[in-house]
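Survey of secondary and tertiary structure
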Amino acid sequence: MTALETVEEHRSHGGTQGVYRHASASTGTGMNFSVFVPDHAEGTRLPVLWFLSGLTCTHANVTEKGEYRGACAEHGVIFIAPDTSPRGDDVPDDDAYDFGKGAGFYVDATQAPWAKHYRMRSYIEQELPELIAGHFPVDMERQGITGHSMGGHGALTIGLRNPDRFRSVSAFSPIVSPLSCVWGEKALGGYLGPDRSAWRDYDACALIEDGSRLDRLLIDQGTADNFLEEQLKTPLLEQACKAAGIPADIRMQPGYDHSYYFISTFLAEHVAWHAERLSG
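In what follows, the accompanying structure is described. (Residues numbered from 1 in each chain as written. Predicted model: local features only at pLDDT ≥ 70, side-chain atom pairs only at ≥ 80, totals over all residues. Heavy atoms only, no water.)

**Re the packing of aromatic side chains**
Basically, it comes down to this: Working definition: a ring pair exists when centres of Phe, Tyr or Trp rings (six-membered ring for Trp) sit within 6.5 Å. Plane angles under 30 degrees give stacked, over 60 give edge-to-face, the rest tilted. Strands are runs of DSSP state E lasting at least two residues, helices are runs of H or I lasting at least four, and both sets are numbered from the N terminus onward. Summary of the burial criterion: residues with accessible area below 20% of their type's maximum are buried, those above 50% are exposed, and those between are partly exposed, where the area comes from a 1.4 Å probe applied to protein chains only.
Scanning the entire structure with this criterion turns up 14 aromatic pairs. Their ring planes at 40° and their centres at 5.9 Å tell us that Tyr-20 and Phe-33 sit as a pair that is tilted. With Tyr-20 in strand S2 (residues 15–23) and Phe-33 in strand S3 (residues 30–38), this residue pair connects regions lying 13 residues apart in the sequence. Exposure remark for Tyr-20: the relative accessible area of 5% places this residue in the buried category.

Written out as structure tokens, the structure is:
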């Protein structure tokens with residue numbers, strides 16, 4: 001079993017909020033992540049909700065600002081927040097906020113110098129779940145995934161690629177089509193190269209167009225989000241879901257922006273929504 005270092009643990013909302021660190025084979029670096037485990041009967045295995053964070057974030061943003069623990073304790077759901085990208089002095093970076101460290105985009109990079117460390121798809125889809133299963137009281141048959149912005153893109157694409165693994169998928173302010181926005185074109189072009197056909201595996205709308213399906217989808221998007229029109233492009237996802245017959249509850253929330261003030265307002269509702277679909 002892979003060794004796990006406890007960075008910190010705190011009693012909170014009738015459970016334990018921890019931050020942990022391990023050596024990742026996928027990224028070739030140390031990786032941090034946080035886990036909230038509600039109190040539970042000995043031997044009980046609990047459902048899991050993964051939260052993927054956005055540009056410039058680490059595990060700490062949602063852990064400290066998300067306001068999810070009360071709902072997770074009420075519904076008996078373990079909440080896991082990974083980092084967004086590899087970290088370390090030897091990891092390539094970029095001066096811009098939307099590429100490099102803090103902007104891994106949940107892809108497995110194929111282009112130098114990024115390919116060696118930027119393997120967040122493998123980390124999130126394979127390595128970290130195996131680590132979690134070995135160290136925490138999780139029921140891996142009951143997994144949901146959500147995320148914000150770049151992490152919303154990650155949640156949608158990972159959920160669409162793995163519908164048998166994730167019973168429930170939701171997102172906050174997701175980048176719904178990296179093929180169609182500046183953030184996505186920069187990230188996918190840099191990490192994967194100029195062949196846009198290779199990008200389709202990392203674009204929710206393209207995956208749906210290519211036949212991927214979900215049973216149901218929940219999206220919350222603020223109408224006052226300054227990234228909505230140029231980067232997030234929520235209507236493209238609405239159109240793709242409608243064309244594919246995917247039941248999608250896309251809630252445009254009046255006056256809300258892109259911040260954690262928005263996320264924390266609705267995150268407990270998402271926890272309850274996932275818990276309902278992960279029950280039994």
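**Looking at the nonpolar core**
Here is the rule we go by: Buried residues of nine kinds, namely Ala, Val, Leu, Ile, Met, Phe, Trp, Tyr and Cys, make up a nonpolar core once their side-chain atoms join them within 4.5 Å. Contacts: residue pairs with any heavy atoms within 4.5 Å of one another.
The biggest cluster of nonpolar side chains holds 64 residues, and the ones touching the most others in it are Phe-33, Val-35, Phe-105, Ile-132, Tyr-191 and Leu-237. Of the residues forming this core, the biggest block, six residues, is contributed by helix H3 (residues 120–135). Not counting residues up to four positions away in its chain, the partners in contact with Tyr-191 are Phe-99, Gly-100, Ala-103, Gly-104, Phe-105, Val-107, Ala-109, Thr-110, Gln-111, Trp-114 and Tyr-118. Formed by 18 residues, the second largest nonpolar core is a distinct cluster that contains Phe-36, Phe-79, Phe-172 and Leu-267.

**Observations regarding the sheet that holds S2**
How we decide: Whether two strands pair comes down to DSSP finding at least two bridges between them. Lines fitted to C-alpha atoms define the axes, with helix axes restricted to the stretch in contact, and inter-axis angles between N-to-C directions lie between 0 and 180 degrees.
An order of S1-S2-S3-S5-S4-S6-S7-S8-S9 is seen for the nine strands of this open sheet, with the pairing classed as mixed. Only two strands of the sheet have a single neighbouring strand rather than two, namely strand S1 (5–12) and strand S9 (248–253). Ignoring which end each strand starts from, the neighbouring axes of this sheet average 20° apart. As paired elements, S2 and S3 share nine bridges and run antiparallel to each other. Its bridge partner being in S3, Val-19 is matched across the sheet by Ser-34. Here H3 sits on the sheet in contact with S2, S3, strand S4 (46–52), strand S5 (78–82) and strand S6 (138–147), set at roughly 50° to S3. Sitting on the sheet, helix H8 (residues 234–244) touches strand S8 (217–222) and S9, and the angle it makes with S9 is about 155°.

**Quick word on the pattern of salt bridges**
The condition that has to hold: One speaks of a salt bridge when a side-chain nitrogen belonging to Lys or Arg is within 4 Å of a carboxyl oxygen belonging to Asp or Glu.
Tallied over the full model, the rule gives 14 salt bridges. Among the ionic pairs, Asp-39 bridges to Arg-11, the shortest N-O distance being 2.6 Å. Of this pair, Asp-39 sits in the loop between S3 and S4 while Arg-11 sits in strand S1, and the two are 28 residues apart along the sequence. Judged by relative accessible area, Arg-11 falls into the exposed class, the value being 59%. Between Arg-142 and Asp-139 there is a salt bridge, and its shortest N-O distance comes to 2.8 Å.

**Side note on the side chain of Ser-34**
The residue Ser-34 is located in strand S3 in this model. By relative accessible area, which is 0% here, Ser-34 ends up buried. Setting aside anything within four residues of it in sequence, one finds Ser-34 in contact with Gln-17, Gly-18, Val-19, His-59, Thr-63, Phe-79, Ile-80 and Ala-81.

**Points about unusual backbone geometry**
Cis geometry marks the peptide bond from Ala-112 to Pro-113; its omega dihedral reads 0°. Of note, Pro-113 is situated in the loop between S5 and H3. Located in the positive-phi region is His-13, a residue other than glycine, with phi close to 50°. With respect to the element layout, His-13 can be found in the loop between S1 and S2. Phi angles above zero are rare outside glycine, and Thr-56 is one such case at about 75°. Its place among the elements puts Thr-56 in the loop between S4 and helix H1 (60–65).

In short, geometric facts, not functional conclusions.
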